[in-house]
Amino acid sequence: MQRRTPPRISAPPTDEELQLSLEMAREILADPDEDWFPANTFKLDEEFERLGLDTHEAQTDALRRAAAEVCLADYEQPEPPGLSNESACRGTPMLPFYWQSESFGSLMFFKFGLQRHGYLYVFSLHVPDFPRKRQRKR
Amino acid sequence: MNCLHCDSAMQTDVVELTGQYRGREVRVHTRGVRCPSCGFVTVRGRDMAEFRRLVKEAYRRDEQLLEVTEIQRARKEMHATQESFAAYLAVGVASVKRLEGGAVPERLMDEHIRMRLYPETLEVLLQERLWDLNSLKGALAELPHISAQCSLVWNGLSDCWNTYDLITTNYDAVVQKAMTTCAERHHSLTEIMITATSEDLGSGNEDSSCAADTQLALAA
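Residues numbered from 1 in each chain as written. Chains lettered and ligands numbered in written order. Predicted model: local features only at pLDDT ≥ 70, side-chain atom pairs only at ≥ 80, totals over all residues.

Peer 1: Help me out: how do you make sense of the overall build of chain A in this one?
Peer 2: Secondary structure summary: chain A contains three helices and four strands in total. Across chain A, helices and strands are ordered from the amino to the carboxyl terminus as α-β-α-α-β-β-β. Counting every position in chain A, which comprises 138 residues, the buried fraction comes to 38%. (Helix = DSSP H or I, 4+ residues; strand = E, 2+ residues; numbered from the N terminus. Buried ≥ 20, exposed ≤ 12 C-beta atoms within 10 Å, placed from the backbone.)

Here it is as structure tokens:
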């Protein structure tokens, strides 16, 4: 797969930037030869365990469904996106999404980031403990 | 994949990583990617489950908890289904399924299963508890000794305090006494020197005249 350079994320991100980021994430997750990376292995693995996702296939499938379901309106933060502090992908802008998932059957939270070389880092995928805080300003 | 830090191409390798499980950090060797230039290592999504499994295993080994194979073997030796095995252990069938699936048991659950599977475990556990009790008893037995040491230190401290208190409360008297003593000593010294000087003068010693002048000046 020809790797694309991820868009530079503005503060707040524009629709184009978010759309392009989502498309890139979907492409990476759809390609079986492509790798995605956990930003924090333990945090993400615990979340997967809670969702009952034991195998890499099940995890990738869940991420694929999440990336396919979220849309621009589900973007959580209107402010400048937070930058990751995880050692694996320090400085990568994090894009969080809240959405009512049909396939997971509940409100879900999905957060990912595209590292400057175009690699997909997954920060979180879980059922949120609290209701959605902010709606994206249109 | 390119390294996040130095942009060099990373290679798939067995890497040593630190994982965390139930608050304990363990180091494991797992599949991952390594940067040959700067040494940065990370795991890919596809290696995550394996990494997690290795960390759990290392934790289980460190904590000396029951192995998955041990539980499976015990059940097979009893020719039991998961349901009947759960009934024998007096735990839920979901617990047996989880444990055989690789879940790490809590310490209490581990001890409970051990006592059911190996009755002699009870004895070992009791001995451990007794050992703990004996240690406590030993510590308690040492307490009088410790308290004697404490009181010794305390007495020393209170002695110091008493002296200090004595000085501070009778400061004026103490200073007055010290000054009087000093004056008396000084007076005696002066007298001695004057006597010595006059004796020297009487003997016509020229060298001592200068010293006598000095001593007289001191005495004045």
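Peer 1: What exactly am I supposed to notice about the interface of chain B and chain A here?
Peer 2: Reports often express the size of an interface as the amount of accessible area lost when the parts come together. Of the residues lining the interface, 14 residues belong to chain B; the matching set on chain A comes to 17 residues. The set of elements that each furnish at least two residues to the side of chain B that touches chain A consists of β1 (11–21) and α1 (45–63) of chain B. In terms of residues, the side of chain B that touches chain A owes the most to one element, α1 of chain B, which gives six residues. When the residues that make up the side of chain B that touches chain A are grouped by side-chain class, the tally is six nonpolar, five polar and three charged. (Contact = placed C-beta atoms within 7 Å. Nonpolar A, V, L, I, M, F, W, Y, C, P; charged D, E, K, R; others polar.)

Peer 1: Would you explain the sheet that holds strand β3 (residues 41–42) of chain B in this entry?
Peer 2: Adjacent strands of a sheet form backbone hydrogen bonds with each other and so pair up, either parallel or antiparallel. Residue and element names in this part refer to chain B. The strand order across the open sheet formed by three strands is β1-β2-β3, and the pairing between neighbours is antiparallel. The sheet terminates laterally at β1 and β3, the two strands that pair on one side only. In this structure, β1 lies alongside strand β2 (residues 24–34), joined through eleven bridges in antiparallel fashion. In the sheet register, Val15 faces β2, and the bridge partner there is Thr30. (Pairing = 2+ DSSP bridges.)

Peer 1: Please explain the sheet that holds strand β3 (residues 107–114) of chain A as it appears in this structure.
Peer 2: All names here are of chain A. Ordered in space as β1-β4-β3-β2, the four strands form an open sheet in which the pairing is mixed. On the outer flanks of this sheet lie β1 (36–38) and β2 (95–100), each paired with one strand and no other. Taking the axes of each pair of neighbouring strands and ignoring which way they run, one obtains an average angle of 30° across the sheet. Judged from the three bridges that link them, β1 and strand β4 (residues 120–126) form a sheet pairing that is parallel. Opposite Trp36, over in β4, you have Leu120 as the bridge partner. Along the sheet face, helix α3 (residues 56–69) touches β1, β2, β3 and β4 and points at about 90° away from the line of β4. (Axes fitted to C-alpha atoms, helices over the stretch in contact; angles between N-to-C directions.)

Peer 1: Help me out: how do you make sense of α3 of chain A in this one?
Peer 2: In an α-helix, one turn spans 3.6 residues; hence positions three or four apart end up facing the same way. Over its 14 residues, α3 of chain A extends 20 Å from the first C-alpha to the last, a length consistent with the 20 Å expected when each residue adds 1.5 Å. Buried within α3 of chain A are the following residues: Gln59, Thr60, Ala62, Leu63, Ala66 and Ala67 of chain A. Mapping the buried residues of α3 of chain A onto a view down its axis gives an arc of 160°, with all of them on the same face. Check the buried side of α3 of chain A and you find it contacts α1 (15–30), β1, α2 (41–50), β3 and β4 of chain A together with α1 of chain B. (Expected span 1.5 Å × (residues − 1). Arc of directions from axis to C-beta.)

Peer 1: Can you walk me through the packing of α3 of chain A against α1 of chain B in this structure?
Peer 2: Between two packed helices, both the angle of their axes relative to each other and the distance between the axes serve to describe the pair. Two elements in contact, α3 of chain A and α1 of chain B, have axes whose closest approach is 9 Å; the angle formed by their N-to-C orientations is 130°. Considering their axes alone, α3 of chain A and α1 of chain B lie oblique with respect to each other. Of the two possible hands of crossing, α3 of chain A and α1 of chain B adopt the one that is right-handed. Side by side, α3 of chain A and α1 of chain B meet where His56, Gln59 and Thr60 of chain A of the first sit next to Gly45, Arg46 and Ala49 of chain B of the second. (Parallel < 35°, antiparallel > 145°, perpendicular 65-115°, else oblique. Left-handed = near helix turned anticlockwise from the far one by under 90°.)

Peer 1: Where do I start with the pairing of β2 of chain B in this structure?
Peer 2: Two faces belong to every sheet, and in a regular strand the side chains alternate between them. Residues and elements named next belong to chain B. Hairpin connection of β1 to β2: two residues between the antiparallel strands, including Arg22 at a positive phi of 50°. Relative to β3, β2 runs antiparallel, the two being bridged by two bridges. When the sheet's bridge partners are listed, Val33 is paired in β3 with Thr42. Counting the residues between successive antiparallel strands, the hairpin from β2 to β3 contains six residues, one of them, Gly39, with a positive phi of roughly 85°.

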